[in-house]
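Each chain, written out:
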Amino acid sequence: MVVTFKVTDSEQGAWAVLQVSGELDLVTSPVLRQRVHDVIAEGRHSLVLDLSQVQFCDSSGVGVLIAARRLLRSCQGRLRLVLPAQGAVDGSHVNRVLGALGVRRLFDVHADLEGALGEEPLSA
């Protein structure tokens, strides 16, 4: 089965939103990295990465998320992740990977896009 990787972007209020679907791995993570850099180069420093449709994430994908966090912090920006706690099989794959690696706490994680777009974080 071939899984198509796709990143779509939109603006919702003050937030740039990148909705990611498919597998985030060694082959596809450079695409997401470039899209994040493009958003920041356009002067948009409030970014939501909607990862609710990501079916697989390896260490290169995690590296992109950590690099995005670091880059946005360096320009006083904000990064929020959409990682559903509930899902097809015990929640988001990315959520489980970040938790297993002990780096989930580094991110402002929300269960849905609506929560991520709110002004106050729903979770630490």
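Asker: Mind showing me how you'd approach the packing of helix α1 (residues 29-41) against helix α2 (residues 59-74) here?
Answerer: Between two packed helices, the angle of one axis relative to the other and the distance separating the axes together describe the packing. Packing of α1 against α2 brings their axes to within 9 Å, and their N-to-C directions diverge by 10°. In terms of their interaxial angle, α1 and α2 are classed as roughly parallel. Every pair of crossing elements has a handedness; the one defined by α1 and α2 is right-handed. Taking contact as the criterion, the partners of Ser29, Leu32, Arg33, Val36, His37 and Ile40 in α1 are, on α2, Ser60, Gly61, Val64, Ala67, Ala68, Leu71 and Leu72. Residue composition of the contact of α1 with α2, grouped by class: eight nonpolar, four polar and one charged.

Asker: Is there a simple way to explain α1 in this structure?
Answerer: Given 3.6 residues per helical turn, the α-helix brings residues three or four places apart onto the same face. Relative to the 18 Å expected for 13 residues at 1.5 Å per residue, α1 spans 18 Å between its end C-alpha atoms, a close match to the ideal helical length. For α1, the set of buried residues is Ser29, Leu32, Val36, Val39 and Ile40. Angularly, the buried residues of α1 cover 95° about the axis, an arc narrow enough to put them on a single face. Among the structural elements, β1 (6-12), β2 (15-24), β3 (46-57) and α2 are those in contact with the buried residues of α1.

Asker: Can you walk me through the environment of Gln19 in this structure?
Answerer: On the secondary structure map, Gln19 appears in strand β2. Judged by its relative accessible area of 32%, Gln19 is partly exposed. Separated by 11 residues in the primary sequence, Gln19 and Thr8 place their C-alpha atoms 5.2 Å from one another. Setting aside its immediate chain neighbours within four residues, Gln19 contacts Lys6, Val7, Thr8, Asp50 and Leu113. For Gln19, the side chain forms a polar contact with the side chain of Asp50, separated by 3.3 Å.

Conventions used here
Residues numbered from 1 in each chain as written. Predicted model: local features only at pLDDT ≥ 70, side-chain atom pairs only at ≥ 80, totals over all residues. Heavy atoms only, no water. Axes fitted to C-alpha atoms, helices over the stretch in contact; angles between N-to-C directions. Helix = DSSP H or I, 4+ residues; strand = E, 2+ residues; numbered from the N terminus. Parallel < 35°, antiparallel > 145°, perpendicular 65-115°, else oblique. Left-handed = near helix turned anticlockwise from the far one by under 90°. Contact = heavy atoms within 4.5 Å. Nonpolar A, V, L, I, M, F, W, Y, C, P; charged D, E, K, R; others polar. Expected span 1.5 Å × (residues − 1). Buried < 20%, exposed > 50% of the residue type's maximum accessible area, 1.4 Å probe, protein only. Arc of directions from axis to C-beta. Polar contact = N/O pair within 3.5 Å; in protein donor to acceptor, adjacent residues only side chain to side chain.

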